[in-house]
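Observations on chain architecture
Here's the letter readout for the chains.
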Amino acid sequence: MNGRFAGVLGPLAVAVPQLLLAQTPTLSPVSQAAPQAPPAAAAPAPVPQEPLVTKDPESSTGKTYRIQVKRKDATTLIRALGTLAGVKVKVVSYFPGSVTMDLQHVTFEQGLDAICQSVGIAFKKLEDGSYAVGPESDLIVDAAGPNDTTVVDITYRCRHLNADSVANVISKAFPDLKTITGPLFLSPTIEAGNSISADSSKALSATDQSFKTHDILISGPANLVKRALVLAKKFDRPRRQVRINARLTEISGSLESLLGIAWTFSNVALQEIPDPTITNPTNSVQGLKFGTFAHSAASVGAAVRAQETKGKAKTLASPTISLVDGERSFILIGERRLFPKQTGTNSQGLPIFDVAEVRTGVYLQVAVQLGLDNDMTLTVYPQVSSVTSTVAINNSLYPIIATREAQTTVRLRSGEMLAIGGLVSEQDTNTVTRIPFLGYIPLIGELFTQRNKTKNNNELLLLITPELIPQEGEGGEVSVEP
């Protein structure tokens, strides 16, 4: 299996197939008198749930039912009734509401009518014997033909998209329809105090008005409203989620020497391919033809774990975080250091300061954009920093930051690994040890002095494996009935 390069950043930035990191199963030595583990305790049997709808035992025809529920979802109850009665029920649109009732000796239509009335919806029997359930206006739209111009008003609740954006798309696609967002939620507010905060994103603020409603009101001819609903349902679907598994390791010494990666490819073969057009090779000069160059992929993850066992590598952070398609996320394992920042001067010429912030420690920023066929575009920005000293400016101390950082954008598939290396730092340490008094005597003091010079070479290695999180109902496009 050949390694596939996923971008170059420093000496090392390569995507390693996940297969390389599969753990090898270990075999325990066979013992002649190995004690057997006690049998595991049997898991408790699940408590059976009582059915929502049951057949009436006293019915002679078997077509009457008993509905005995308490605070159950109306949609779930309607589908349970249809399943037991063997009747196909189509839920036209989403409607909230729970039901509490105790009905006996009711037919299918009687039970369906009681449920619909309790949540304020209607039902309609179709020509094929099935039933459509939903708000009355939605039933009209669902049954509307291409030439049905009956004016209807319906509401659509957005589940995954901003209501303003959906209403804007519908109004542009169907100019003959009136499309507005629904009323805003009643939301209490809290005034922000005078607390010091260098990061405005952490301050408590009011919710954006566009996120205070999920509903859209659509008014117009039934045939156009039906088409608008199909469009809205195709757009309004959940975004995929990605799980990011990261591992940031600091390796003492050279990364290539510790991992044993000299960046020479193994299994390289050269082969002389005879030219088939030459019939007499003894009378001709035959050229050399090169064969295919092949190499084995580097098992970076396994090598890093081996160096950690030897004490030559140290894991700085091993976070796991999930984010949705198109979003950015970050992980900070360190400190938020505040320092004064001059913003101007007052009328007397004295400086006016505000509070600024710098993040030190392990700071990893990740953004992801999904494509087709489980591939994704990943932007990674790792930073490892520390405050080394401060500098005084205008009677204020400002931090001096030593940092190692990199930024790259690559395309990966779910389960592939991205390795980023080359973030090297060198530190020279001089240690002087003297015998008291004697070591400070001029000239002969060196006889009683020991000097030690140490050079440390540390390198950061970041391993990132993005994985698509499976979602319910995965496996096909959104299906919307016309």
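Description of the structure in this document.

Here is what the cut-offs are and how they apply
- Residues numbered from 1 in each chain as written.
- Predicted model: local features only at pLDDT ≥ 70, side-chain atom pairs only at ≥ 80, totals over all residues.
- Heavy atoms only, no water.
- Helix = DSSP H or I, 4+ residues; strand = E, 2+ residues; numbered from the N terminus.
- Buried < 20%, exposed > 50% of the residue type's maximum accessible area, 1.4 Å probe, protein only.
- Contact = heavy atoms within 4.5 Å.
- Areas by Shrake-Rupley, 256 points an atom, 1.4 Å probe, with all protein chains shown as cover.
- Pairing = 2+ DSSP bridges.
- Phe/Tyr/Trp six-rings, centres within 6.5 Å; stacked < 30°, edge-to-face > 60°.
- Lys NZ or Arg CZ within 6 Å of the ring centre and 35° of its normal.
- Core = buried A, V, L, I, M, F, W, Y, C linked by side-chain atoms within 4.5 Å.
- 1 Å grid on protein atoms, 1.4 Å probe; cavity = no way out; pocket = protein on both sides within 12 Å on 5 of 7 lines; lining within 4 Å.
- Points joined across faces, edges and corners; volume = space filled by probe spheres on them.
- Nonpolar A, V, L, I, M, F, W, Y, C, P; charged D, E, K, R; others polar.
- Axes fitted to C-alpha atoms, helices over the stretch in contact; angles between N-to-C directions.
- Parallel < 35°, antiparallel > 145°, perpendicular 65-115°, else oblique.
- Patch = residues over 30% accessible without salt bridge, like charges linked within 9 Å, V, L, I, M, F, W, Y side chains within 5 Å.
- Salt bridge = Lys/Arg side-chain N within 4 Å of Asp/Glu carboxyl O.
- Arc of directions from axis to C-beta.
- Polar contact = N/O pair within 3.5 Å; in protein donor to acceptor, adjacent residues only side chain to side chain.

1. Brief notes about the overall build of the chain
Assigned secondary structure in the chain consists of 7 helices and 20 strands. In the chain, which comprises 482 residues, the proportion classed as buried is 32%. Here the analysis covers contacts within the chain between residues at least 6 apart in sequence; of these, 68% occur between residues at least 24 apart. Accessible surface for the chain amounts to roughly 31,300 Å². Of this, 53% is attributable to carbon and sulfur atoms.

2. Let's talk about the pairing of strand E11 (residues 241–252)
In this structure, E11 lies alongside strand E13 (residues 320–324), joined through 5 bridges in antiparallel fashion. Looking at the pairing, Ile-244 lines up with Ile-321 of E13.

3. Some words on the packing of aromatic side chains
Counted according to the given criterion, the structure contains 4 aromatic pairs. Judged by centre distance (6.1 Å) and plane angle (50 degrees), the ring pair of Phe-123 and Tyr-131 falls under tilted. Residue Phe-123 is classed as partly exposed on the basis of its relative accessible area, which comes to 25%. Residue Tyr-131 is classed as buried on the basis of its relative accessible area, which comes to 5%. Aromatic side chains Phe-330 and Tyr-363 sit 5.6 Å apart centroid to centroid with 80 degrees between the ring planes, which places their arrangement in the edge-to-face category. Taken together, the residues span a long stretch of sequence, with Phe-330 in strand E14 (residues 328–345) and Tyr-363 in strand E15 (residues 351–370) at a distance of 33 residues. Overall, Phe-330 belongs to the partly exposed group, its relative accessible area being 28%. In this structure an aromatic cluster arises from ring pairing among Phe-108, Phe-123 and Tyr-131. Over the aromatic face of Phe-330 sits the side chain of Arg-359, whose NZ or CZ is 5.0 Å from the ring centroid.

4. Topic: the nonpolar core
Nonpolar side chains in soluble globular proteins tend to be buried together. Counting 25 residues, the largest nonpolar core has Leu-378, Val-380 and Ile-464 as the members making the most contacts within it. Where this core is concerned, the elements lending two or more residues are E11, E15, strand E16 (375–393), strand E18 (408–413), strand E19 (417–434) and strand E20 (449–469). Element by element, the count of residues in this core is highest for E15, at 5 residues. In contact with Ile-464, not counting residues within four places along its chain, are Ile-244, Asn-245, Ala-246, Leu-364, Leu-378, Val-380, Glu-416, Met-417 and Leu-418. In terms of nonpolar packing, the next biggest core, distinct from the first, is built from 21 residues, Leu-52, Cys-116, Ile-121 and Tyr-131 among them.

5. Re the pairing of E15
For E14 and E15, the ladder comprises 17 bridges, and the chain directions are antiparallel. Bridge pairing links Ser-329 to Val-366 in E15. Hairpin connection from E14 to E15: 5 residues lie between these consecutive antiparallel strands, with Gly-349 at a positive phi of about 85 degrees. Sheet topology places E15 next to E16; 10 bridges connect them, and they run antiparallel. Across the sheet, the residue bridging to Val-362 is Val-384, located in E16. The hairpin formed by E15 and E16 contains 4 residues between the paired strands, and Asp-373 there has a positive phi angle of roughly 60 degrees.

6. Concerning empty space enclosed by the protein
Think of a ball as big as a water molecule: rolled over the atoms, this probe shows where empty space is left. For the structure on display, the rule yields 1 cavity of 30 Å³ or more. When its volume is computed, the largest cavity comes out at roughly 50 Å³. Along the walls of the largest cavity sit Leu-248, Ala-317, Pro-319, Ile-331, Val-362, Leu-364, Pro-382 and Leu-462, which together make up its complete lining. When grouped by side-chain class, the residues that make up the lining of the largest cavity number 8 nonpolar, no polar and no charged.

7. A short note on the packing of helix H1 (residues 74–85) against helix H2 (residues 108–119)
The interhelical angle for the contact between H1 and H2, taken along N-to-C directions, is 175 degrees, at an axis separation of 11 Å. For the element pair H1 / H2, the angle class is roughly antiparallel. Across the interface between the two elements, Ala-74, Leu-77, Ile-78, Leu-81, Gly-82 and Ala-85 of H1 pack against Phe-108, Gly-111, Leu-112, Ile-115, Cys-116 and Val-119 of H2. Residue composition of the contact of H1 with H2, by class: 10 nonpolar, 2 polar and no charged.

8. A short note on a nonpolar patch on the surface
A surface patch of nonpolar side chains, about 680 Å² in accessible area, is lined by Ile-435, Leu-438, Ile-441, Leu-443, Ile-444, Leu-447 and Phe-448. Structurally, the position occupied by Phe-448 is in the loop between E19 and E20.

9. Notes on the environment of Lys-178
Topologically, Lys-178 is positioned in strand E9 (residues 178–181). For Lys-178, a relative accessible area of 64% gives the class exposed. Each C-alpha atom, one on Lys-178 and one on Gly-220, is 6.5 Å from the other, the two residues being 42 residues apart in sequence. Excluding residues that lie within four positions of it along the chain, Lys-178 makes contacts with Leu-217, Ile-218 and Ser-219.

10. Looking at helix H4 (residues 163–173)
Every buried residue belonging to H4 is among Ala-163, Val-166, Ala-167 and Ile-170, and all of these are buried. Around the axis of H4, the buried residues are gathered within 100 degrees of arc, so they sit on the same side. The elements touched by buried residues of H4 are E9, strand E10 (215–221) and helix H5 (222–235). N-cap assignment for H4: the residue whose side-chain oxygen lies 2.8 Å from the backbone N of Asp-164 is Asn-162.

Everything listed is a geometric property; what it means functionally is a separate question.
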